[in-house]
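Structural overview for review
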Amino acid sequence: MDEAVWDIGYLVASILFIMGLKKLGHPRTAPTGNLYGAMGMLVAVVVTIAQMDFGETNNFILIISGLVIGGFIGYLMAIRVQMTGMPEMVALFNGFGGAASALVAASEVFRRINENDLPEGLELHVAWTAIGLSALVGWVTLTGSLLAMMKLKGGIEIFGTWYRTPTWGPEWLNYVKGFVLISIVGLLYMTIEEPGNQDYVIAIIALSSILGILFVLPIGGADMPVVVSLLNSLSGIAAAFTGFIIGNNVLIIAGSMVGAAGLILTNIMCKAMNRQLIDVLFKSFGGSDKEQVTRTKVGSDPEEVAMVCDGISKCVIIPGYGMAVSQCQHQVREFADILEANGCEVKYGIHPVAGRMPGHMNVLLAEASVPYEKLIEMDDINSEMGECDVAIVVGANDTVNPAARSGEGPLAGMPIIDADKARVVIMVKRSLSVGYAGVDNDLFYEDKTMMLFGDGKQMMTELVASLKDL
Amino acid sequence: MELVTLIGAITVFILAIFLGFELITKVPATLHTPLMSGANAISGITIVGALIFSNTDFNGGDPGLAAWLAFFALILATINVVGGFAVTNRMLNMIAGKRGGK
């Protein structure tokens, strides 16, 4: 039988990937889409193993143990991760994907150099270019993703007090990045000139790893979702280049498709934050000259707030990263249940970038069994804010900061949820300090705003208790 | 690699990029993270390359540097694939599971 017949299996896998990705973009079909993707992957793996010639030796040991070890670790990580840690997990998996492509490229180049099996002519150019590009993109993805993960984790805002992983990037760093990139391209050219010299390959790996770090270092924590999405796109491209190395279409199709789709998704996410991709990547902002908080505001206690909430007819809950950190979604739900039992209409206003990743809040609230219909996207909730009696902001700051409307400062032009249009605003927050963007929030100091200073979970628990006592 | 194969591969590459651009149009914010995670799992397709290069003869017991690199790539790619699809599934179940549907 002609070996090319196996390619039909890869075609099936490719079709499953295309349909899967398509379905993942629509809420109703998304779970099916994910299943299609997984099936496509299974088909690709089975086809690959089925056509292998194992010979008489026991060389399948590496394959079996690799699949078992990787599958076990991956499954365990996926099952055990907290919902709050989801963004970091995606970043980490993404880094692994990029590293895998880069390692495959390295494996091929070292095998050929060690066995002195160097290609010639066109094949040399194709193979070595593909290997070089795969290494470049793969290592950038790995180190970039790892740094992004640490920024997501380390740059944590706990109700306003924020610690960030180093974010550093003067203007000239962009030139350094450009220089490193040009050096890598130069090295790539030299590997083709002198294919047997593995020093060049090692230099490419080292420089690419550095480039990944330089790339993510200047970007602030709030922009991490965009960066992770872009790195996701890159890891697809790395897989496509790997496809050129082994001459396999399914890698080229799946890889470049994910690369392109990832770029579109990155753009959609930028739009949700009203930012330009170029600005995100090359113009660092915020944080460095953060304003000092000089004004004060007297905090309220849960009993007061509970009294205000008594007998209202419409309430909008606006969650933010603080809710994710304190894991208080169940308390929030309980609070909403009590209000609803008293005949109040409760809705949730979800800002597109609330939390650290789009969709973060939806996942958390879904975990607390909040019905999907009650989660309202920003534009739709804003038209209702005027008739809202009480807006409860749980651990959010920048996403309700009216400063965004002024057209000045780092938040300029970012769409916000109009919490300030509600009759009473209740903010559950650790302190008055600034949010991720480093801008003071006027909303705190308005007369109609009541501040509940404290940990989200504790405050919501007390609030629920007070409501019950009424 | 022959020229005709190369041009074929480049054709596929370019067309798939266009396909990817068209595939995703309007995505509700809720699905951004699951979509990213699912796409990321698909990019774990590099597992095929890792599998092929992991298939090495043990000459004298040591598979050699190239095979070890491929083996390591295989582990990482499998983590990416299995973990990626599982995590996406978990997220989607949480979002979709509460709407009375499946």
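Everything in this summary refers to the structure shown in the same document. Model, not experiment: these values are computed from the prediction. Numbering of residues starts from 1 in every chain and runs along the sequence as written. Throughout, the order in which chains and ligands are written sets their labels, letters from A for the former and numbers from 1 for the latter. Only residues with pLDDT of at least 70 get local features here, since the model is predicted, and only at 80 or more are side-chain atom pairs given and counted; chain-wide, interface and lining totals rely on the full set of residues. Calculation of side-chain values draws on the structure's entire complement of heavy atoms; hydrogens and water are dropped beforehand.

**A look at the state of the cysteines**
Residue and element names in this part refer to chain A. We call a pair of cysteine sulfur atoms a disulfide when they lie within 2.5 Å. Scanning the model with the defined rule gives 0 disulfides over all chains in all. With no disulfide of its own, Cys315 has Cys344 as its nearest cysteine by sulfur position, at a separation of 5.4 Å. Each residue gets one of three labels from its accessible area relative to the maximum for its type: buried under 20%, exposed over 50%, partly exposed in between, using a 1.4 Å probe on protein chains only. Judged by its relative accessible area of 6%, Cys344 falls in the buried class.

**Observations concerning the side chain of Ser37 of chain B**
Counting through the fold element by element, Ser37 of chain B comes out in helix H2 (residues 32–42). What makes Ser37 of chain B buried here is its relative accessible area of 2%. In DSSP terms, a helix is any run of H or I states spanning at least four residues, a strand is any run of E spanning at least two, and both are numbered starting from the N terminus.

**Section: the interface of chain B and chain A**
Frequently, the measure chosen for interface size is the accessible area that the parts lose on association. Contact definition: two residues touch when any of their heavy atoms are within 4.5 Å. The interface of chain B with chain A comprises 82 residues on the first partner and 106 residues on the second. Across the chain B to chain A interface the summed buried area is about 8,300 Å²; carbon plus sulfur atoms make up 78%. Salt bridge, as used here: a side-chain nitrogen of Lys or Arg that lies within 4 Å of a carboxyl oxygen of Asp or Glu. Run the count over chain B and chain A and you get 0 salt bridges. Between N or O atoms, a polar contact is any pair within 3.5 Å; within protein, one atom must be a potential hydrogen donor and the other a potential acceptor, and residues adjacent in sequence are included only when both atoms are from side chains. Joining chain B to chain A, the criterion identifies 9 residue pairs in polar contact (both at pLDDT 80 or more). Broken down by secondary-structure element, the contributors of at least two residues to the side of chain B that touches chain A are helix H1 (3–23), H2, helix H3 (47–54) and helix H4 (65–96) of chain B. Sorting elements by how many residues they give to the side of chain B that touches chain A places H4 of chain B first, with 31 residues. Buried area is a sum: the accessible area each of two parts loses on coming together, probed at 1.4 Å, counted once for each and added.

**Things to note about the packing of aromatic side chains**
Here a ring pair, both rings aromatic, is described through the centre-centre distance and the interplanar angle of the planes. Only rings of Phe, Tyr and Trp enter the pairing, Trp through its six-membered ring, and a pair is recorded when the two centres are within 6.5 Å. The plane angle decides the type: under 30 degrees is stacked, over 60 is edge-to-face, the rest tilted. By the definition in use, this model includes 4 aromatic pairs over all chains. Grouped by ring-pair contacts, the aromatic residues Phe241 and Phe244 of chain A together with Phe13 of chain B constitute a single cluster.

**Some details on the sheet that holds strand E3 (residues 314–319) of chain A**
Residues and elements named next belong to chain A. Read from one edge of the open sheet, 6 strands run E5-E4-E3-E6-E7-E8, paired in parallel fashion. Either end of the sheet is taken by a strand with one partner, and the two such strands are strand E5 (375–377) and strand E8 (449–453). Strand-to-strand, the axes of this sheet are offset by a mean angle of 25 degrees, without reference to chain direction. The rule for pairing is simple: two strands pair if DSSP sees at least two bridges between them. Taken together, the 5 bridges between strand E6 (residues 390–394) and strand E7 (residues 424–429) define a ladder with parallel strand orientation. Considered in E7, the bridge of Val393 is made with Met427. Where helices are involved, their axes are fitted lines through C-alpha atoms of the stretch in contact, as for all axes, and angles between N-to-C directions lie from 0 to 180°. Strands E3, strand E4 (345–350) and E6 of the sheet are contacted by helix H13 (residues 329–341), whose axis makes an angle of about 145 degrees with E4.

**Section: H1 of chain B**
Residue and element names in this part refer to chain B. Take the residue count of a helix, subtract one, and multiply by 1.5 Å to get its expected span. Compared with the 30 Å implied by 1.5 Å per residue over 21 residues, the 30 Å span of H1 between its first and last C-alpha is a close match. Buried within H1 are the following residues: Leu6, Ala9, Phe13, Ala16, Gly20 and Leu23. Each buried residue of H1 sits inside an arc of 115 degrees when the element is viewed along its axis, so together they form one side. The exposed residues of H1 that point more than 90 degrees off its buried face are Leu3, Val4, Leu15, Phe18 and Glu22. By definition, the arc is the one covered by directions from the helix axis to the C-beta atoms.

**Some words on the packing of helix H4 (residues 86–114) of chain A against helix H8 (residues 224–246) of chain A**
Residues and elements named next belong to chain A. One can describe the packing of H4 onto H8 by two numbers: an axis separation of 9 Å at closest approach and a directional angle of 25 degrees. Classed by the angle they form, the pair H4 and H8 counts as roughly parallel. You can see that H4 and H8 cross each other, and the crossing is left-handed. Between H4 and H8, the contacting residues are Val90, Ala91, Asn94, Gly98, Ser101, Val104, Ala105 and Glu108 on the first element and Val228, Leu231, Asn232, Ser235, Ala238, Ala239, Thr242 and Ile245 on the second. An angle below 35 degrees is read as roughly parallel, one above 145 as roughly antiparallel, one from 65 to 115 as roughly perpendicular, and any other as oblique. Definitions for this section: a left-handed crossing has its near helix turned counterclockwise from the far helix by less than a right angle. A right-handed crossing has that turn clockwise.

**Re unusual backbone geometry**
Residue and element names in this part refer to chain A. Phi angles above zero are rare outside glycine, and Asn116 is one such case at about 55 degrees. Mapping Asn116 onto the fold places it in the loop between H4 and helix H5 (121–154). Even without a glycine there, the phi angle at Ser369 is positive, about 60 degrees. Mapped onto the elements of the fold, Ser369 is located in the loop between helix H14 (360–367) and E5. For Ser369, a relative accessible area of 36% corresponds to the partly exposed category.

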